[in-house]
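Structure assessment
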Amino acid sequence: MTPMPQLRIPATYLRGGTSKGVFFRLEDLPQAARVPGPARDALLMRVIGSPDPYGKHTDGMGGATSSTSKCVIISKSTQPGHDVDYLYGQVAIDTAFVDWSGNCGNLSTAVGPFAIANGFIEKSRLPENGIFIVKVWQANIGKTILCHVPIANGEVQETGDFELDGVTFPAAEIVLEFIDPADEGEGEGGGAMFPTGNLTDSLDVPGVGTLEVTMINAGIPTVFINAKDIGYTGTELQDAINGDPKALAMFESIRAHGAVLMGLIKDVAEAAKRQHTPKVAFVAPPADYTTSSGKRVAAADIDLHVRALSMGKLHHAMMGTCAVAIGTAVAIPGTLVNRAAGGGERTAVRFGHPSGTLRVGAEAANENGQWVVRKAIMSRSARVLMEGWVRVPA
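Residues numbered from 1 in each chain as written. Predicted model: local features only at pLDDT ≥ 70, side-chain atom pairs only at ≥ 80, totals over all residues. Heavy atoms only, no water.

Observations concerning the overall build of the protein chain
What the protein chain contains, in helices and strands, is six helices and 21 strands. Radius of gyration (C-alpha) of the protein chain: 20 Å, near the 21 Å computed for a compact globule of 394 residues. If one aligns the C-alpha atoms of the protein chain with their principal axes, the spans along those axes are about 55 × 55 × 45 Å. Expressed as a percentage of its 394 residues, the buried residues of the protein chain come to 54%. If you take every contact in the protein chain between residues at least 6 apart in sequence, the share linking residues at least 24 apart comes to 63%. Carbon and sulfur atoms make up 51% of the accessible area of the protein chain, which amounts to about 16300 Å² in all. (Helix = DSSP H or I, 4+ residues; strand = E, 2+ residues; numbered from the N terminus. Rg over C-alpha atoms; globule rule 2.2 N^0.38 Å. Buried < 20%, exposed > 50% of the residue type's maximum accessible area, 1.4 Å probe, protein only. Contact = heavy atoms within 4.5 Å. Areas by Shrake-Rupley, 256 points an atom, 1.4 Å probe, with all protein chains shown as cover.)

Here is the structure:
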């Protein structure tokens, strides 16, 4: 075999929220990968180490979970009044596939710090100390995100005492505002927060039964179901789901049939090529439980439980985009999420997830018989883990 040289591509490895991924400036990518298509997908898969039949990502930068198999491309914004365009790719682990159908709310946290550190923001605009708001255009779904980045001595502040369940060490708090977060979508219900027009629907799933669901496009398309309807309490940790092949198959079937009813795909067979969206989450009223780190959480400290699946597995904490969906749905009386939280009008909620708790708020209103959400807000943190060059065989 003729030896192949390795490409040397500038990159930054960042944690954002409870996820981490490899960040690139568009201009630093090889010419063929600067536009969407097979060359870009092949490059990002090789960076992450996919497809990997061993499911370990030993020969790549991925971490062999949906939370750590991610790539981000940042460029100067094409949109008026915005600082950067943010494009997110969810890289499948054991198949040759990059899903561009949605956003990553957790990595959205790291976009602002990356933009500042990589020269997308003029130094003259930055305060010496304080908060700078990076206006981000989320290119996957065509939405605006305001990233409130703390600045200390003219540089991004990364260290601090903000604790985020699911992240081992404290860091500086970054507030995210997801403006008009309803996903425009490309299916029949594109642009509607509730693609069927209903707050709840009946979803027929062969082998499972007829389930009451709330299907919402906010943050990311999500199918919510009641935990008790599928035999769970809502306090489950990862092993209870991810170690059960029958459970995973059930959730994938629910996801596929939900995607059809939401108008995201036309046939359940198409779900395999759309793994990132929609998400499936199950909800339950508050109850005492023990987190994956062994911490006890009292029912009185939360409003409800939510467990969500990402790329076919139960998430170790909560996806940021799904948190937006939770915050939006809980603000609308009559949804399963709102009912699990006790009903009534709400502008914020604290929910329990496998790693702990998370608070998210949303501003929703009924206008001319249609529910709209102006923005959703939550706090996360971000930190540079490594910067330099990533190597990829040419």
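That shown, we press on.
Things to note about the confidence of the model for the protein chain
Here the protein chain averages 95 in pLDDT, while 98% of its residues score no lower than 70. Here residues 186-190 is modelled with pLDDT under 50, and outside its nearest four sequence neighbours on either side it reaches nine contacts, counting other chains as well. (pLDDT = per-residue confidence, 0-100.)

A few points about helix α4 (residues 245-261)
For α4, which comprises 17 residues, the first-to-last C-alpha distance of 24 Å matches the rise-based estimate of 24 Å (1.5 Å per residue) to within 8%. Residues of α4 that are buried include every one of Ala247, Leu248, Met250, Phe251, Ser253, Ile254, Arg255, Ala256, Gly258 and Ala259, and no others. Structurally, the start of α4 carries an N-cap: the backbone nitrogen of Lys246 is 3.1 Å from a side-chain oxygen of Asp244. Of the residues trailing α4, Gly263 is marked for its positive phi of about 80°. (Expected span 1.5 Å × (residues − 1). Polar contact = N/O pair within 3.5 Å; in protein donor to acceptor, adjacent residues only side chain to side chain.)

Topic: the environment of Met386
Considering the arrangement of structural elements, one finds Met386 in strand β21 (residues 382-393). In the structure, Met386 is positioned 374 residues away from Thr12 in sequence and 5.9 Å away in space, judged by C-alpha atoms. Here Met386 is in contact with Thr12 and Tyr13, once residues within four sequence places are set aside.

Section: the packing of aromatic side chains
A complete count under the given rule lists four aromatic pairs for this structure. Ring centres of Phe23 and Phe114 lie 5.4 Å apart, and the angle between their planes is 45°; this geometry places the pair in the tilted category. With Phe23 in strand β2 (residues 19-25) and Phe114 in helix α2 (residues 105-117), this residue pair connects regions lying 91 residues apart in the sequence. Between Tyr232 and Phe251, the ring centres sit 6.1 Å apart and the planes meet at 15°, which makes this aromatic pair stacked. Taken together, the positions of Tyr232 in the loop between β12 (220-226) and α3 (238-242) and Phe251 in helix α4 put the pair 19 residues apart, joining distant regions of the chain. The class for Phe251 is buried, based on a relative accessible area of 2%. (Phe/Tyr/Trp six-rings, centres within 6.5 Å; stacked < 30°, edge-to-face > 60°.)

A closer look at the pairing of strand β18 (residues 348-353)
As defined by bridge partners, strand β16 (residues 304-310) adjoins β18 across two bridges and the pair is classed as parallel. Within β18, the position partnered with His305 by the bridge is Gly352. (Pairing = 2+ DSSP bridges.)

Side note on the environment of Ser355
Among the structural elements, Ser355 can be located in the loop between β18 and β19 (356-367). Accessibility expressed as a relative area gives 9% for Ser355, which makes it buried. For the pair Ser355 and Lys295, spaced 60 residues apart in sequence, the C-alpha separation works out to 8.7 Å. With residues near it in sequence (within four places) discarded, Ser355 still touches Asp165, Gly166, Thr291, Ser292, His316 and Ala317. A distance of 2.5 Å separates a polar side-chain atom of Ser355 from the backbone oxygen of His316.

Details of the pattern of salt bridges
Tallied over the full model, the rule gives 13 salt bridges. For the salt bridge of Arg25 with Asp28, the shortest nitrogen-to-oxygen distance reads 2.7 Å. Under the relative-accessibility criterion, Arg25 is labelled partly exposed at 24%. The partner of Asp229 in a salt bridge is Lys228, and the shortest N-O contact between them spans 3.3 Å. Residue classification places Lys228 among the exposed positions, given a relative accessible area of 65%. Three or more residues are tied together by salt bridges with common partners; here these are Arg25, Glu27 and Asp28. (Salt bridge = Lys/Arg side-chain N within 4 Å of Asp/Glu carboxyl O.)

Considering the nonpolar core
By size, the foremost hydrophobic cluster in this structure holds 63 residues, and its most contacted members are Val134 and Phe224. No other element matches the seven residues that helix α5 (residues 320-330) contributes to this core. Once you skip the residues sitting within four places of it in the chain, Phe224 turns out to touch Glu212, Val213, Thr214, Ile216, Ala281, Val283, Val306, Ala325, Ile326, Ala329, Leu336 and Val337. If you look at the next biggest cluster of nonpolar residues, it comprises 27 residues, including Leu203, Leu248, Ala256 and Val280. (Core = buried A, V, L, I, M, F, W, Y, C linked by side-chain atoms within 4.5 Å.)

Points about the pairing of strand β10 (residues 201-205)
Here β10 shows one buried face, formed by Asp201, Leu203 and Val205, and one open face, formed by Ser202 and Asp204. Pairing between β10 and strand β11 (residues 209-218): five bridges, direction antiparallel. Bridging from a neighbouring strand, Asp201 pairs with Val213 of β11. In this antiparallel pair of consecutive strands, β10 and β11, the connection spans three residues, and Gly207 shows a positive phi of 85°.

Remarks on unusual backbone geometry
In this chain, Ser50 is followed by Pro51 through a cis amide linkage whose omega measures -5°. On the secondary structure map, Pro51 appears in the loop between α1 (38-48) and β3 (70-76). A cis geometry characterises the amide bond from Thr277 onward to Pro278, with omega recorded as -5°. The backbone of His57 sits at a positive phi, close to 55°, despite the residue not being glycine. As for its placement among the helices and strands, His57 is situated in the loop between α1 and β3. A relative accessible area of 2% means that His57 is categorised as buried.

So, α5
The buried fraction of α5 amounts to eleven of the eleven residues, a majority that puts the element mostly inside the structure. Taken together, the buried positions of α5 are Gly320, Thr321, Cys322, Ala323, Val324, Ala325, Ile326, Gly327, Thr328, Ala329 and Val330.

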